[in-house]
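Chain by chain, the residues:
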Amino acid sequence: MLAELAFSVSDLAQMRFAASPMWEDGTGFRLLHSGSAHPVHRTWAEQVRPASSTICTPR
């Protein structure tokens, strides 16, 4: 059985996601400071890592 959902631009503009943006920030921060990245995120990490070195990190 195949089902299809259709959304308008207005529908998508009103959509809210359950995941917290802070969760994404924390996960990205840990990924950048781990020194490694999954191949899916490697290009992003290589581009962002130099700029992230100016962020203060707790010790």
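Residues numbered from 1 in each chain as written. Predicted model: local features only at pLDDT ≥ 70, side-chain atom pairs only at ≥ 80, totals over all residues. Heavy atoms only, no water.

Details of the overall build of the protein
Condition: Under the DSSP-based scheme used, a helix requires at least four consecutive residues in state H or I and a strand at least two consecutive residues in state E, with every element numbered from the N terminus. Summary of the burial criterion: residues with accessible area below 20% of their type's maximum are buried, those above 50% are exposed, and those between are partly exposed, where the area comes from a 1.4 Å probe applied to protein chains only. Accessible surface area values rest on a Shrake-Rupley calculation with a 1.4 Å probe, where residue burial reflects the displayed protein chains alone.
For the protein, the helix and strand inventory stands at three helices and zero strands. Shown N-terminal to C-terminal, the secondary structure of the protein runs as helices and strands in the order α-α-α. Split into buried and exposed, the 59 residues of the protein put 10% on the buried side. Total accessible area on the protein stands at roughly 5,700 Å², and carbon and sulfur atoms take up 62% of it.

A few points about helix α2 (residues 21-34)
What counts here: Expected span of a helix, by definition, is 1.5 Å for each gap between consecutive residues, and there is one gap fewer than residues. Taking the helix axis as origin, the arc is that swept by the directions to the C-beta atoms.
Its 14 residues place the ends of α2 20 Å apart at the C-alpha level, agreeing with the 20 Å of an ideal helix rising 1.5 Å per residue. Residues of α2 that are buried: G28, L31 and L32. The buried residues of α2 occupy an angular sector of 95 degrees when the element is viewed end-on, so they sit on one face. Seen from the open side of α2, the exposed residues pointing more than 90 degrees away from its buried face are M22, W23 and R30.

Focus: the packing of α2 against helix α3 (residues 42-52)
Counted only if it meets this: To get an axis, fit a line to the C-alpha atoms, keeping to the stretch in contact for a helix; angles then go from 0 to 180 degrees between the N-to-C directions. Roughly parallel covers angles under 35 degrees, roughly antiparallel covers those over 145, roughly perpendicular covers 65 to 115, and oblique covers all other angles. Should any heavy atoms of two residues lie within 4.5 Å, those residues are counted as being in contact. Each residue is assigned to one class: nonpolar for Ala, Val, Leu, Ile, Met, Phe, Trp, Tyr, Cys and Pro, charged for Asp, Glu, Lys and Arg, and polar for all the others, Gly among them.
The interhelical angle for the contact between α2 and α3, taken along N-to-C directions, is 85 degrees, at an axis separation of 10 Å. In this view, α2 runs roughly perpendicular relative to α3, as classed from their interaxial angle. Across the interface between the two elements, G28, L31, L32 and H33 from α2 touch W44, A45, V48, R49 and S52 from α3. When its residues are assigned to classes, the contact of α2 with α3 shows five nonpolar, three polar and one charged.

By themselves, these are just geometric observations and shouldn't be taken as functional.
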